[in-house]
Amino acid sequence: MRYKIPFNKPYIIGNEIANIKLSVAQGQISGNGIFTKKCQTYFEEKYGFNKCLLTTSCTDALEMSALLLEIKEGDEIIVPSYTFVSSALAFVREGAKIVFCDSREDHPGMDEAKIEELITPRTKAIVVVHYAGVAVDMNKIMALAIKYNLLIVEDAAQAFDSYYKGKPLGSIGHLGCFSFHETKNLQCGEGGLLSVNDDKFLSRAEIIWEKGTNRAEFFRGEINKYGWVDVGSSFLPSEINAAFLWGQLENSQKIQNQRKHIWHLYNQFLEPLREKVKLPVIPDYATNNAHMYYLVCNSAEERTRLLSHLRNNGIQAVFHYLSLHKSKFMRKNYRDVNLPYSDLYTERLVRLPFYFELSDEKIEFISRQVINFYT
Ligand SMILES: *Cc1c(COP(=O)(O)O)cnc(C)c1O
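Here we summarise the structure given alongside this text. Being a predicted model, the structure only gives us computed values, none of them experimental.

1. Things to note about the packing of aromatic side chains
No. 1: Inspection of the entire model under this criterion finds 28 aromatic pairs.
No. 2: Pairing tyrosine 82 with tyrosine 345 gives two aromatic rings, centres 6.0 Å apart and planes at 50 degrees, and the pair type is tilted. Here tyrosine 345 lies in helix 11 (residues 340–348) and tyrosine 82 lies in the loop between strand 2 (76–80) and helix 4 (85–93), a separation of 263 residues in the sequence.
No. 3: Given the relative accessible area of 1%, tyrosine 345 is considered buried.
No. 4: Each residue in the set Tyr42, Phe43, Tyr47, Phe49, Phe160, Tyr163, Phe178, Phe180 and Trp246 is aromatic and connected to the rest through ring pairs, giving one cluster.
No. 5: Cation over ring: lysine 332 sits above phenylalanine 329, and NZ or CZ is 5.9 Å from the ring centre.

2. Considering empty space enclosed by the protein
No. 1: Scanning all chains against the criterion turns up four cavities of 30 Å³ or more.
No. 2: Quantified by volume, the largest cavity comes out at close to 60 Å³.
No. 3: As for the largest cavity, its lining consists of His107, Ala132, Val134, Trp263, Pro280, Val281, Ile282, Asn288, Ala290, His291, Met292 and Tyr294.
No. 4: Taken together, the residues that form the lining of the largest cavity break down as nine nonpolar, three polar and no charged.
No. 5: Estimated volume of the second largest cavity: approximately 50 Å³.
No. 6: Considering the residues around the second largest cavity, the lining is formed by Arg104, His107, Gly109, Met110, Glu112, Val134, Ala135, Val136, Pro283 and Tyr285.
No. 7: Of the residues assigned to the lining of the second largest cavity, the class counts are six nonpolar, two polar and two charged.

3. Brief notes about the pairing of strand 8 (residues 175–179)
No. 1: Extensive coverage of strand 8 is indicated by the burial of five of its five residues.
No. 2: Of the two faces of strand 8, both are covered, the one formed by Leu175, Cys177 and Ser179 as well as the one formed by Gly176 and Phe178.
No. 3: Bridge count between strand 5 (residues 151–155) and strand 8: three bridges; the pairing is parallel. In the sheet register, aspartate 155 faces strand 8, and the bridge partner there is cysteine 177.
No. 4: Across five bridges, the pairing between strand 8 and strand 9 (residues 192–196) is antiparallel. Following the sheet pairing, cysteine 177 is matched in strand 9 by leucine 194.

4. Comments concerning the pairing of strand 1 (residues 51–55)
No. 1: With four of its five residues buried, strand 1 lies for the most part within the structure.
No. 2: Here strand 1 pairs with strand 9 via five bridges, running antiparallel. The partner of cysteine 52 across the bridge, within strand 9, is serine 195.

5. Some remarks on the side chain of glutamate 16
No. 1: Of note, glutamate 16 is situated in helix 1 (residues 16–25).
No. 2: Buried charge without a partner: glutamate 16 forms no salt bridge, and the closest opposite charge is lysine 254, 9.4 Å away.
No. 3: A distance of 2.8 Å separates the side chain of glutamate 16 from the backbone nitrogen of glycine 14, its partner in a polar contact.
No. 4: Setting aside residues up to four positions removed in sequence, glutamate 16 forms contacts with Tyr11, Ala243, Phe244, Gly247 and Gln248.

About the cut-offs
Residues numbered from 1 in each chain as written. Predicted model: local features only at pLDDT ≥ 70, side-chain atom pairs only at ≥ 80, totals over all residues. Heavy atoms only, no water. Phe/Tyr/Trp six-rings, centres within 6.5 Å; stacked < 30°, edge-to-face > 60°. Helix = DSSP H or I, 4+ residues; strand = E, 2+ residues; numbered from the N terminus. Buried < 20%, exposed > 50% of the residue type's maximum accessible area, 1.4 Å probe, protein only. Lys NZ or Arg CZ within 6 Å of the ring centre and 35° of its normal. 1 Å grid on protein atoms, 1.4 Å probe; cavity = no way out; pocket = protein on both sides within 12 Å on 5 of 7 lines; lining within 4 Å. Points joined across faces, edges and corners; volume = space filled by probe spheres on them. Nonpolar A, V, L, I, M, F, W, Y, C, P; charged D, E, K, R; others polar. Pairing = 2+ DSSP bridges. Lys, Arg positive; Asp, Glu negative; His and termini not counted. Salt bridge = Lys/Arg side-chain N within 4 Å of Asp/Glu carboxyl O. Polar contact = N/O pair within 3.5 Å; in protein donor to acceptor, adjacent residues only side chain to side chain. Contact = heavy atoms within 4.5 Å.

Here it is in structure tokens:
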């Protein structure tokens, strides 16, 4: 029997479609309606987040963060190089200079020990990325924030339902950004969430979210006319997306249990390879939210051969980020920057298919193909 296994696949788990119908029946499919509120409240109540705003993407939550930071010409923001474009792009648009940080030797996440040497009097903020939903060592980051008076933005795009020493990721820095893109644990096509953890950003965050107007205050009856008071954009998603997302949030436990099952099954099957390739490690201070399963090959050439071996067997495995400091857009200003681990993961990391409906049988088949390649 021949399989055709995609890397990712969207799925419906519960009331997503019924919720969309309900939003139409109730007469509101524009943003900030009942499903938006349900989603926001879920994060605030279940995870104890201070205040959440649903956004059209994690990119938009990062852009809101960049506006909230009030970046001035010459301000520097420290960002890992091995991450998605948006972690840096949002701040570049506001005129910040990006200072890239390397990955850890044992993990693609940013190396906390290499941040302090990058801090200058112009450093304004650090964007931490919890790669694969595995926490960056946040006590070290928050200590730097206090010592140098910096703001911390958590790019928690991959970190839904994951913790650092018992604290939910996305709730520890001043601002936290989540994604509900179809490749993430919970999805609604395109979607995101900004967690406003520091009260000083609250009222401006609401204004920026609503195109620079004080409409949110108006809806709460706190003022009798709303108008243009600040910069902003249309950062709020339609109720159609929120209704879909609510269907997933209602089943988040089931989704997470299944993803953890998939992760552990891969890990069990691939365990015999631990001497031959690098498999994921989870530090004791972090939890595993089963966002992805990856392995790290011994060379770029080996990875190319592994990917084509898998492709020939009907399996779509993929690599991940390309070091941002070497991207076409950024490289002219970073010629002297040397980030060996970011480059290593750029060249050698492989992600295996990972989606809710991936069967045990297929996981075993994929794992067997990986093992065959190495033996
Ligand atoms: C997916 C992802 C993003 C972007 O999320 P969108 O919702 O697609 O904008 C940003 N950062 C990281 C680390 C991501 O994995």
